[in-house]
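Below are the chains, spelled out letter by letter.
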Amino acid sequence: MSQLKFRFRAPKDVIKDYVDVSFVVTGYSWRRYLGDYWPYIDYLYEGRKGGFILYGYHYLRFAGRFCRWCGSEEIVSDLGLCSKCYGSPNGIKYRVIVKGYEEVGDPTIYDLIADLLHHRYILYLGSFGSKLKVGISRLNRDGDFRGYLGRIIEQGLDSAVVFDGGYDLLQAQEMEKTISSDFGISQVIRFNEKLDELQNGTSYRDVRNVAEDILKEYRDLSVIWFGRISWSEPRSFDHIWREDVIDGELIYARGNVAIFETGSRKIAVNLSSLAGRGIITEEL
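Rules of the game
Residues numbered from 1 in each chain as written. Predicted model: local features only at pLDDT ≥ 70, side-chain atom pairs only at ≥ 80, totals over all residues. Heavy atoms only, no water. Helix = DSSP H or I, 4+ residues; strand = E, 2+ residues; numbered from the N terminus. Buried < 20%, exposed > 50% of the residue type's maximum accessible area, 1.4 Å probe, protein only. Polar contact = N/O pair within 3.5 Å; in protein donor to acceptor, adjacent residues only side chain to side chain. Phe/Tyr/Trp six-rings, centres within 6.5 Å; stacked < 30°, edge-to-face > 60°. Lys NZ or Arg CZ within 6 Å of the ring centre and 35° of its normal. Core = buried A, V, L, I, M, F, W, Y, C linked by side-chain atoms within 4.5 Å. Contact = heavy atoms within 4.5 Å. Expected span 1.5 Å × (residues − 1). Arc of directions from axis to C-beta.

**Re the side chain of aspartate 164**
One can find aspartate 164 in strand β8 (residues 159–167). Residue classification places aspartate 164 among the buried residues on the basis of a relative accessible area of 9%. Side chain to side chain, aspartate 164 and arginine 120 meet in a polar contact 2.2 Å long.

**Points about the packing of aromatic side chains**
In total, this model carries 8 aromatic pairs according to the counting rule given. Each ring, one from phenylalanine 23 and one from tyrosine 45, has its centre 4.4 Å from the other, and the planes form 10°; the classification is stacked. Within this pair, whereas phenylalanine 23 is found in strand β2 (residues 19–33), its partner tyrosine 45 is found in strand β3 (residues 36–45), the two being separated by 22 residues in sequence. Since its relative accessible area comes to 22%, phenylalanine 23 is described here as partly exposed. Cluster of aromatic residues (ring-pair linked, three or more members): Phe23, Tyr43, Tyr45 and Phe52. The aromatic ring of tyrosine 40 is capped on one face by arginine 31, whose charged end is 4.5 Å from the ring centroid. In this structure, arginine 254 packs its charged tip against the face of phenylalanine 128, placed 3.7 Å from the ring centre.

**Brief notes about helix α4 (residues 148–155)**
With 7 of its 8 residues buried, α4 lies for the most part within the structure. Turning to α4, its buried residues number three or more, namely Tyr148, Leu149, Gly150, Ile152, Ile153, Glu154 and Gln155. Phi turns positive one or two residues past the end of α4, at glycine 156, with a value near 75°.

**Section: the nonpolar core**
Soluble globular proteins: nonpolar side chains tend toward being buried together. Membership of the largest hydrophobic core comes to 28 residues, with the highest contact counts inside it found for Leu123, Leu125, Phe163, Leu169, Ile179, Ile214 and Leu221. Those elements that provide at least two residues to this core are α2 (89–99), β6 (121–128), β7 (131–138), β8, α5 (169–183) and α7 (204–217). At 5 residues, α5 tops the list of elements feeding residues into this core. Sequence-distant contacts of phenylalanine 163, defined by excluding residues within four places in its chain, comprise Ile122, Leu123, Leu125, Ala211, Ile214, Leu215, Leu221, Ser222 and Val223.

**Some remarks on α7**
Between its terminal C-alpha atoms α7 stretches 20 Å, which fits the 20 Å expected from 14 residues at 1.5 Å a residue. Along α7, the residues that are buried comprise Val207, Val210, Ala211 and Ile214. End-on, the buried residues of α7 take up no more than an arc of 110°, which puts them together on one face. Exposed residues pointing more than 90 degrees away from the buried face of α7 are listed as Arg205 and Lys216. Elements that come into contact with the buried residues of α7 comprise β6, β7, β8, α5 and β9 (222–228).

So this is what it looks like as structure tokens:
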């Protein structure tokens, strides 16, 4: 397999000449390491997928935006995909998972996504500080019979209730929208909202009370997990990172929120925003 490399001219204030970008960030994840969960940066390198743990000091220099699936420089969607990946069978399935069947808007794809309907999906109600959200996840995500817990950790939730109604993907998406509308609960907690909530305590009681109301309204749902996630004590920060270089020590992480101490400053980084960024590698 040929080495995956891209050449482009970065802004002069970043670097003066052409550079080789061998790594493209595909996203972030939380994985078990030494018995605990840690944040990872996932990447594409030489056509292979990998990841490195976020722990301690890091120097990361970013430039450019690429398709986070294949590394192409032609990005055509807000999902960070090029036209080829966006229109591929896997791209269509991904769009259905992320945006919903109705958003994709093409009834002819039903046969294409039939295999997605073989999987069982759960609903969860969780809190990030005082903010509540409802969401869905595959029951056995990543081959784990409790794989949905990985989704809850990636969201940075501090408490959650997991409901099972025997739903497939489309049924779970429809119930997610229904609960969101009926109970006024968001389906998304934005990065800035999470930063505002870092100092707030868990809404464990609110989650429990709303969960009880949901169970009264929808009798086909049952609770299969209810618990709290223990995060480290929150850290303050000076500003939100929007530059091209991360140069500092990771001092706090929760979901997609990461805080690095760099010199006398503490910067808050949205790990989700790194997807599709190229990491500059230079030979000295």
